[in-house]
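A structural walkthrough
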Amino acid sequence: MKIALLGYGRMGKEIEKIAISRGHEIVIRKDAEDIIDITLADVAIDFSIPNAAFNNILNCLENNVPVIAGTTGWLEKYEDAVALCHQKNGAFIYASNFSIGVNIFFELNKQLAKLMSSLEDYQVFMEEIHHTQKLDAPSGTAITLAEGIIENSSKNRWELANKSNPNVIPIVAKRIPDVSGTHSVWYSSEVDTIEIKHTANNRKGFALGAVIAAEWIIGKSGVFSMKDVLNIR
């Protein structure tokens, strides 16, 4: 399989190592404003920056190249990408996090939210920690976790704050050098605290998930998620 890497930072380089180890060829390594011929690739993987991601995705869909999008911070244009994908009969996966472990964590988070939804003595709050080069806060993974809680509880929104009212999920975002990513969800009452937590030991899990998604999407058309890739129901 011929892969285009749209974004050749630390994640792009990690994806390259894993893709090559699985027998794939990297035919494009796009950084910044490089001009490329995306049709050289069978599939593209975007881990660029927020202000480049949407144009990268459009270029892929316009040229009938399946695209795996892992960049966060551009989602105000997500529905435009979905519409173009359907219009062009293309193939597109966006995930806030491609780690297999994190996607299992998403499902645990939803189930815990359901269990806790009727227990008014517990207040939920979240924390995410990432490296200092991450531009958006809170992380896309934290937002996905918050949305999972909102879907399964009486909470109606999240806020980037230390404290909040009972209907809001407060998220604390920290940026620390050389951290791959940690996400924690707490339910705290006067008598005890329940915590679920995912800690990435390195970037390999994110990169492996992205390559698995790229392998899975070949020959398909439509808008998918990691739940489709991992057959999570």
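Residues numbered from 1 in each chain as written. Predicted model: local features only at pLDDT ≥ 70, side-chain atom pairs only at ≥ 80, totals over all residues. Heavy atoms only, no water.

The number of helices and strands found in the protein chain is 7 helices and 11 strands. At 18 Å, the protein chain has a C-alpha radius of gyration in line with the 17 Å of a compact globule built from 233 residues. Projected onto its principal axes, the C-alpha coordinates of the protein chain cover approximately 60 × 40 × 30 Å. In the protein chain, which comprises 233 residues, the share counted as buried stands at 48%. Summarising the internal contacts of the protein chain: among those between residues at least 6 apart in sequence, 64% fall at separations of at least 24. (Helix = DSSP H or I, 4+ residues; strand = E, 2+ residues; numbered from the N terminus. Rg over C-alpha atoms; globule rule 2.2 N^0.38 Å. Buried < 20%, exposed > 50% of the residue type's maximum accessible area, 1.4 Å probe, protein only. Contact = heavy atoms within 4.5 Å.)

Together, Ile100, Ile104 and Leu108 make up a nonpolar patch on the protein surface, roughly 250 Å² of accessible area in all. Along the chain, Leu108 falls in helix α4 (residues 100-116). (Patch = residues over 30% accessible without salt bridge, like charges linked within 9 Å, V, L, I, M, F, W, Y side chains within 5 Å. Areas by Shrake-Rupley, 256 points an atom, 1.4 Å probe, with all protein chains shown as cover. Salt bridge = Lys/Arg side-chain N within 4 Å of Asp/Glu carboxyl O.)

It is worth spelling out the environment of Ile3 at this point. Inspection of the secondary structure puts Ile3 in strand β1 (residues 2-6). Assessed through its relative accessible area of 0%, Ile3 is described here as buried. The spacing of Ile3 and Asp228 is 225 residues in sequence and 21 Å in space, taken between C-alpha atoms. Discounting chain neighbours no more than four positions away, the residues touching Ile3 are Ala19, His24, Glu25, Ile26, Val27, Ile28, Ala41, Val43 and Ile45.

Attention shifts here to α4. If you check α4, its first and last C-alpha atoms are 25 Å apart, about what 17 residues at 1.5 Å a residue would give, namely 24 Å. Looking only at α4, the buried set comprises Val102, Asn103, Phe105, Phe106, Glu107, Asn109, Leu112, Ala113 and Met116. Residues of α4 that are buried sit in contact with α5 (140-151), β9 (182-188), β10 (193-199) and α7 (226-229). Two or three places before Gly101, at the start of α4, stands the capping residue Ser99, its side-chain oxygen 3.2 Å from that residue's backbone nitrogen. (Expected span 1.5 Å × (residues − 1). Polar contact = N/O pair within 3.5 Å; in protein donor to acceptor, adjacent residues only side chain to side chain.)

Take the pairing of strand β5 (residues 91-94) next. The two faces of β5 match: Ala91 and Ile93 on one face and Phe92 and Tyr94 on the other face are all buried. Sheet topology note: the strand β4 (residues 67-69)/β5 ladder contains 3 bridges and is parallel. Looking at the pairing, Val67 lines up with Phe92 of β5. In the classification by handedness, the crossover that spans β4, the intervening helix α3 (residues 78-87) and the parallel β5 is right-handed. (Pairing = 2+ DSSP bridges. Right-handed = clockwise from strand over helix to strand, strands pointing away.)

Right, let's get into the packing of α4 against α5. Where α4 meets α5, the axes come as close as 8 Å, and the angle between the chain directions of the two elements is 30°. The orientation of α4 relative to α5 falls into the category roughly parallel. At the point where α4 passes α5, the crossing takes the right-handed sense. Judged by residue contacts, Val102, Phe105, Phe106, Asn109, Lys110 and Ala113 of α4 engage Thr141, Thr144, Leu145, Gly148, Ile149 and Glu151 from α5. Its residues placed into classes, the contact of α4 with α5 shows 6 nonpolar, 4 polar and 2 charged. (Axes fitted to C-alpha atoms, helices over the stretch in contact; angles between N-to-C directions. Parallel < 35°, antiparallel > 145°, perpendicular 65-115°, else oblique. Left-handed = near helix turned anticlockwise from the far one by under 90°. Nonpolar A, V, L, I, M, F, W, Y, C, P; charged D, E, K, R; others polar.)

Spatial ordering of the open sheet is given by β2-β1-β3-β4-β5-β11, a layout of 6 strands whose pairing is parallel. With partners counted over all chains shown, the strands left at the sheet margins are β2 (25-30) and β11 (222-224), one partner each. Strand-to-strand twist of the sheet, defined as the mean angle between neighbouring strand axes without regard to direction, takes the value 20°. Bridge count for strand β3 (residues 43-46) against β4 is 3 bridges, and the pairing is parallel. Residue pairing for β4: Ile45 is matched across the bridge by Ile68.

Taken in spatial order, the 5 strands of this open sheet run β7-β8-β6-β9-β10, and their pairing is mixed. Each of the sheet's edge strands pairs with one partner strand only, and the pair in question is β7 (157-160) and β10. Shown here is a sheet whose adjacent strand axes are inclined to one another by a mean of 20°, direction ignored. Here strand β6 (residues 123-130) runs beside strand β8 (residues 168-175); their pairing, made up of 5 bridges, is parallel. Of the residues in β8, the one forming a bridge with Met126 is Ile171. On top of the sheet, α4 reaches β9 and β10; it is set at about 165° to β10, its chief contact.

A separate point is the packing of aromatic side chains. Per the stated rule, a full pass over the model turns up 8 aromatic pairs. Three or more aromatic residues link up through ring pairs in this structure, and these residues are Phe54, Trp74, Tyr78, Phe92 and Tyr94. Stacked on the ring of Trp216, the Lys or Arg Lys220 has its end atom at 4.3 Å from the ring centre. (Phe/Tyr/Trp six-rings, centres within 6.5 Å; stacked < 30°, edge-to-face > 60°. Lys NZ or Arg CZ within 6 Å of the ring centre and 35° of its normal.)

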